[in-house]
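Observations on chain architecture
Residues per chain, in single letters:
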Amino acid sequence: MDLQFSPEENAFREEVRRFVAEQLPAPIRDKVMNGVHLNRDEHVQWQRILHQRGWGGPGWPKEFGGPGWMPAEQYIFEEECAAGGAPRLISFGLKMIAPVLMAFGSPEQQQRYLPKILAAEEWWCQGYSEPGAGSDLASVKTRAVKEGDHYIVNGQKTWTTLGQYADWIFCLVRTDPEAKKQSGISFLLIDMKSPGVTVRPIITLDGAHEVNEVWLEDVRVPVENLIGEENKGWTYAKFLLGHERTNIAGIGIAKRELARLKRIAEAEGRLDDPLFAARVAQVEIDLIALEITNLRVLSAERTKKAPGPEASILKIKGTEIQQAIAELMMQAVGPYALPFRQEDVGPDYAANLATGYCNQRKLSIFGGSNEIQKNIISQMILGL
Amino acid sequence: MDLQFSPEENAFREEVRRFVAEQLPAPIRDKVMNGVHLNRDEHVQWQRILHQRGWGGPGWPKEFGGPGWMPAEQYIFEEECAAGGAPRLISFGLKMIAPVLMAFGSPEQQQRYLPKILAAEEWWCQGYSEPGAGSDLASVKTRAVKEGDHYIVNGQKTWTTLGQYADWIFCLVRTDPEAKKQSGISFLLIDMKSPGVTVRPIITLDGAHEVNEVWLEDVRVPVENLIGEENKGWTYAKFLLGHERTNIAGIGIAKRELARLKRIAEAEGRLDDPLFAARVAQVEIDLIALEITNLRVLSAERTKKAPGPEASILKIKGTEIQQAIAELMMQAVGPYALPFRQEDVGPDYAANLATGYCNQRKLSIFGGSNEIQKNIISQMILGL
Amino acid sequence: MNFDFNEEQMALQDTVRRFIAKDYTFEKRRAIRDSVAGWSREIWQSLADLGVLALNIDEEHGGLGYGPQEAGLVMDAFGAGLLLEPYLAGAVIAPALIRRTTSAVPGDTAAHNFQEEWLPKIAAGKAIVVLAHADARGTAVTEANGKLSGRKAVVAHGGCADLLLVSARTADGGTGLFAVTPGAEGVALHDYPTLDGQRAADIIFDKAPAQRVDAGDTANATQHAIEAALDIGLAALCAEAVGIMEATIAATTDYLKTRQQFGQPIGRFQALQHRMADMLLHLEQARSMSYLAAMHCTSEDTTARQRSLSAAKVTIGQACRFIAQNAVQLHGGMGMTDELMLSHWFKRLTAIEMSFGDTDMHLQRFARLSRAA
Amino acid sequence: MNFDFNEEQMALQDTVRRFIAKDYTFEKRRAIRDSVAGWSREIWQSLADLGVLALNIDEEHGGLGYGPQEAGLVMDAFGAGLLLEPYLAGAVIAPALIRRTTSAVPGDTAAHNFQEEWLPKIAAGKAIVVLAHADARGTAVTEANGKLSGRKAVVAHGGCADLLLVSARTADGGTGLFAVTPGAEGVALHDYPTLDGQRAADIIFDKAPAQRVDAGDTANATQHAIEAALDIGLAALCAEAVGIMEATIAATTDYLKTRQQFGQPIGRFQALQHRMADMLLHLEQARSMSYLAAMHCTSEDTTARQRSLSAAKVTIGQACRFIAQNAVQLHGGMGMTDELMLSHWFKRLTAIEMSFGDTDMHLQRFARLSRAA
């Protein structure tokens, strides 16, 4: 057992750190460092900078244009990007649909879609959840009926993150209504410009427009946009859910936010309050422990490939830590957290803290609620 | 709404306080004040003192020899007894079997048993739980078969608190093995001196002998010892469970223990530690809130009679508070909590703190585990 | 010992509840929130017509002479509808303060005149008076030659005040209370929305003309009077929180009964049932403490009063946090949307926890006062 | 970065695990616990034969020269069996201390002789050396003219020591380390059982003859050496806790699968499943921190070392508390009985949380060190 990174890994960390410091545009870094939402162009700009360096797909193998990194390198990369104030990678293309395309897509599909994801020429979004199917994904109701060389798709997707920016949506659709739950589902790629696709914003409690409803009315989708086999979509969906969980612990981001919390608390004199100082210490300790737990899972993955149910541990603790940090930041500024989206009231760092706290409540709900994660742990790890 | 006690109630409080101060033997008070277990004789001695004053059955109506107090007076009485260091009432006779006898017993049974309970001439214990039926009481397996004017009883009871002192045990027994769960159960009174009754101690983690197994082998019980009707025992059992829950919050005891915690913490200088002081403050605040919640339930009972599902709230918070106090007392003395049942090591007050902490773990398990109480709240109050 | 409200009290609360249900719907509230002012004079007038603005003002000055219990019943009823109008600031705290500061010295005619001028106007809904006191950052305002200079931050409903009562440090080092007209020269007021959809203001005074209205700060009388008025406000705030939490739990219970996942209502899942039970425990403890706060907030024994109110605020603050977070969690994504009342309750409960001193502040104050006692 | 143990390490742990499973059964342990001494020389000799007493002693002195990782693997394996013998005191802390204190000055022959005399004896199981240092109450021992006077309280395994190493305040105000024979005149030792079935002693020194064994306290070298040795002990204690918690969770999982209530195994109830998931989360975080503790406990950077060890102790202490309490709770009454190993794990986990400084102490130390850093 050796908890140290190797000299090569440390050198790589230095390289990434330097790259981020030199290449990340200052306005983007400032926004990220202060918890401000980025717009589409800013995300695209950073992705293209990474792509130019050959780092556009950190988790991708070399054959598809990725750097072919080991998990430890991916981890270091994400940690340094987060620490340096780089935007989170746009996961829907890079981490969700791309692995599915690589594993189950046809060579034509791979060539058509993957390069544009790397180059940020096409933005993807996810069409999994439906109004009646949040945690219970397999009860998807959106119907796709084959007519000649097209599927005609009708239904409604929801909680579609950043769908307002998307060129494409990957969808779970029901192709066999007679089959039992999981077995009649297919996996379709749909052009957002198709007639019949309507995106309606969902405004969240923090006043942000991050998620959407996507309505599909008689949308015609060419059969070549089917991934793999018809009615086998659940297999690909589960595969994707597994991959979505890489870096699920969010260590790099949590470290960056913890540093922000400590700066704010220090500025507000709150670390002189022993209770507040103890709360900050508690979350810092939890994060140290989670980082090691995360590295242990990564280390085990070298032999076992896909993240197992241990990822549920990372999801729960990771989101709890991020939520605790957001809560403490808001708490640290006291009354000045109350002004809502007012950049000209109170100290600079106060403006986003309450909305940040509100926004972070999503972390324990989305991506498989923490209750679902506990089901997974008790059933898959403990066998209950 | 008026949260004050009336002048009459305050005068009554004074009277009880004086009585306890004058009549409670000092050796008993010292034991109670320091969390030392009492023996049978000490319990009996105090009960007889109360009985002489006419206060032997605080919850009893006048017709059976009780003082006929209202809930508020009972509450004041129990609170002052606890504050003054009086032993907890021996509930198995006074609060469990007695209400059942009053409600469902024959006049002969009432005359035979009730006076001896008041006078502490007979000690009762409870025969509800069985090895296979803890929370799930209705799955009782002990069999009673009628042969002429006797029942022949075979089976095993467990967790029988202070059964080693008992003259009588009240038992749930199955008289109709064909009937569905609840409906084949009867309620029997069994003389502990009957041939075939064996009491075996269960030693708990604190080294104490408080609970027992009671084995029943071909025990002959006269039919006149049946309460009410055969196979209707579940009705009486539920009635008893309702009554067991009077004073379930344990406010008086918790107040006394909180005062002990504060004395110990002050002696150890632990209140200068802001974290420890905050933990003590938290439990004190919880207790203030619970006392009012308890009074609200008592106030509502004046019109509704038996304690409703609200008693589950009192059980959960009451036991959490008592457990938290025990935990903090142990924590307060640090290393000196470690010596196990050593009265000659460390400060006087340290000797029982770790065993007390261990012993108090039972509170959230016995009398309907806190998990069962949450089931009751979610189903009976919230309708889930 | 009696926890029942009398018929008059029940009728009062019923009236307010009916008003909220009928005239303060989700849509109506949203329109008010999105208006320029962020509150409605029309609603304010309706509240005056219902008599609730006169509740906390003595009969001598055109009020009804009720106490904190009735204020609590009204605030509890406002809770479910999340009233945006400045009831707490204008109809609870201001009258309590005017009553206490301007009558400290018997026979003070100027003070008496101040009461006679303003209390009837408040009762009738003709004037909104708001206290601008220190926030946690302690930005100070000082007085010199009848003019105020300095800054008050995050003054709840400061923007809608017809008259500001401003606490300021006087030349002799004491605290004085001054009446300032918001439109006066030397007063710059920046009004903005807060997290909960209500309004607050940062106010800068630059030699603003002010009239002293307290009867002098002998033995810290003015400071004590301000604290006493704020404690009456805190008790009312606790009652509002209880009303919101009750509504939040009711809505979440309904949601759990109807929302289907994995072939059954999610309320059948035991882990969620137990969470709801925990939420109910918090609510009932909070309700108990709101009664305690109402009873003790007018006590003359400052230490006992502050100890009780700190205990109440800790219990209620923790309940606000737990219930708000878990109600959103149990609603899943739906709990995050601006479209459901739930997220608005969430935000108001969050704001309440942070107002009047947060949980940690009160927990430590309680520990200090308990040890001293 | 590699979290796998090598084959040698795995074999070592396997050996200890097999020994515990075969030679340290529940019944055997109970008999040892109830014996007059409360521990077994025979078992101690078996541990010597297995080589584990030599683990933390350098090869030069008859040891195997392993480090904290191996000590952790052994302590982890002892955990499930709740070894009563003084491994932590006698085979982890004492060698680390002797190594550090008595070799601070190169060429100190007396010190060298002390190492040569005692380390091989410890490795062979021929001598048990125990450190008697201050407890949280800070009862002091002072040295004058080669004699010690004062009191050490709750010295873990003090009663079974062949030699005590006693920290004492010297005439110059520094800390010295002194070897004292327990049977010597002027030493009164009161040996008693502790909550976890182990032994501790209160020791009173009254002009007890003592031999100074440290090389002088220049720049607090002796104090630092003691702290360094205790930190190595704390890391080993963390590993023991992880072993116990793992066993506790496994036993509770089994119980939930077999115990029937309301017609099904209670492990089917979601609220209990989620509790188990929370326990597992605590365990995995604790395990991570026990690795961190093993890695950092020998660090020369005192601040970084103490910060890491405090973080580890907080995580592990909280896990001990949560897992112990909930394992008993989920076992119901069965969890309370002396008959099941479960209650013994509970008590040892409770004792561990209170040893080497409790959670609050370490949480605050971590906060202090983090801010300073």
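Residues numbered from 1 in each chain as written. Chains lettered and ligands numbered in written order. Predicted model: local features only at pLDDT ≥ 70, side-chain atom pairs only at ≥ 80, totals over all residues. Heavy atoms only, no water.

1. Points about the packing of aromatic side chains
Residues and elements named next belong to chain A. Test applied: Here a Phe, Tyr or Trp ring, Trp counted by its six-membered ring, pairs with any other such ring whose centre lies within 6.5 Å, and the pair is stacked when the planes are under 30 degrees apart, edge-to-face when over 60, and tilted otherwise. The secondary structure listing takes helices from DSSP runs of H or I that are at least 4 residues long and strands from runs of E that are at least 2 residues long, numbered from the N terminus. A 1.4 Å probe rolled over the protein chains alone gives each residue an accessible area, and that area as a share of the maximum for its type sets the label: buried under 20%, exposed over 50%, partly exposed in between.
Counted according to the given criterion, the structure contains 50 aromatic pairs over all chains. Taking 5.7 Å as the distance between ring centres and 80 degrees as the angle between the ring planes, the aromatic pair formed by Trp 55 and Phe 77 counts as edge-to-face. Here the residue Trp 55 occupies a position in the loop between helix H3 (40-53) and helix H4 (71-83), and Phe 77 occupies one in helix H4, the gap between them amounting to 22 residues. Like Phe 77, Trp 55 is buried.

2. Overview of the interface of chain A and chain C
When the parts of a complex come together, some accessible area is lost, and that lost area is often used as the size of the interface. We apply this condition: Two residues qualify as a contact provided that any one of their heavy atoms is within 4.5 Å of a heavy atom in the partner residue. Defined in terms of a 1.4 Å probe, buried area is the accessible area two parts forfeit on being brought together, summed over both. Just to be clear on terms, a salt bridge is a Lys or Arg side-chain nitrogen sitting within 4 Å of an Asp or Glu carboxyl oxygen. Any N or O atom pair separated by 3.5 Å or less is treated as a polar contact, with the protein-specific requirement of one donor-capable and one acceptor-capable atom, and with residues adjacent in sequence counted only for side-chain atom pairs. Under this grouping Gly is polar, as are all residues other than the nonpolar Ala, Val, Leu, Ile, Met, Phe, Trp, Tyr, Cys and Pro and the charged Asp, Glu, Lys and Arg.
The partner chain C presents 41 residues to the 48 residues of chain A that form the contact. Taking both partners together, chain A and chain C bury about 3,600 Å²; carbon and sulfur atoms supply 58% of that area. When the area that chain A buries against chain C is broken down by residue, the three leading residues are Leu 205, Tyr 336 and Leu 338 of chain A, summing to 19%. For the pair chain A and chain C, the number of links is 4 salt bridges. Its salt-bridge partner being Arg 275 of chain C, residue Glu 371 of chain A comes within 2.8 Å of it at the nearest N-O pair. Scanning the region where chain A abuts chain C turns up 21 residue pairs in polar contact (both at pLDDT 80 or more). Only strand S6 (197-203), helix H9 (274-304), helix H10 (310-333), helix H11 (353-360) and helix H12 (370-381) of chain A provide two or more residues apiece to the side of chain A that touches chain C. Considering only residue class, the side of chain A that touches chain C consists of 25 nonpolar, 12 polar and 11 charged.

3. Details of the interface of chain B and chain D
The interface of chain B with chain D comprises 47 residues on the first partner and 41 residues on the second. Interface area lost by chain B to chain D is led by Leu 205, Tyr 336 and Leu 338 of chain B, which between them contribute 20%. Our enumeration of links across chain B and chain D arrives at 4 salt bridges. Of the charged contacts in the structure, one is a salt bridge between Glu 327 of chain B and Arg 321 of chain D, with a shortest N-O distance of 2.5 Å. The interface formed by chain B and chain D contains 21 residue pairs in polar contact (both at pLDDT 80 or more). Only strand S6 (197-203), helix H9 (274-304), helix H10 (310-333), helix H11 (353-360) and helix H12 (370-381) of chain B provide two or more residues apiece to the side of chain B that touches chain D.

4. Observations regarding the domain arrangement of chain C
All names here are of chain C. The following threshold applies: Domain start and stop positions are those given by an automatic or database domain assignment.
Looking at chain C, the domain boundaries give domain 1 (7-124), domain 2 (129-218) and domain 3 (221-372). Computed from C-alpha coordinates alone, the two centres of domain 2 and domain 3 are separated by 29 Å. The interface of domain 2 with domain 3 comprises 13 residues on the first partner and 9 residues on the second. Here domain 2 packs against domain 3, burying approximately 950 Å² in sum over the two surfaces, 60% of which is carbon and sulfur. Three residues stand out in domain 2 for area buried against domain 3, namely His 133, Leu 195 and Asp 196, and they jointly supply 48% of the buried area on that side. Our count for the domain 2 to domain 3 interface comes out at 1 salt bridge. The closest approach of N and O atoms between Asp 196 and Arg 348, which form a salt bridge, is 2.8 Å.

5. Some details on the environment of Ala 221 of chain D
Here Ala 221 of chain D shows up in helix H7 (residues 221-258). Remark: the alpha-carbon pair of Ala 221 of chain D and Leu 340 of chain D, spanning 119 residues in sequence, is separated by 46 Å.

6. What to know about H12 of chain B
The following threshold applies: To estimate how far a helix should extend, the number of its residues minus one is multiplied by 1.5 Å.
Helix length check: H12 of chain B, at 12 residues, gives a terminal C-alpha distance of 15 Å against a target of 16 Å (1.5 Å per residue), a fit within 8%. For H12 of chain B, the set of buried residues is Asn 370, Glu 371, Ile 372, Gln 373, Lys 374, Asn 375, Ile 377 and Ser 378 of chain B. Where H12 of chain B is buried, its residues touch H10 of chain B, helix H8 (270-296) of chain C together with helix H8 (270-296) and helix H9 (302-331) of chain D. Just downstream of H12 of chain B lies Gly 383 of chain B, where phi reads positive at about 70 degrees.

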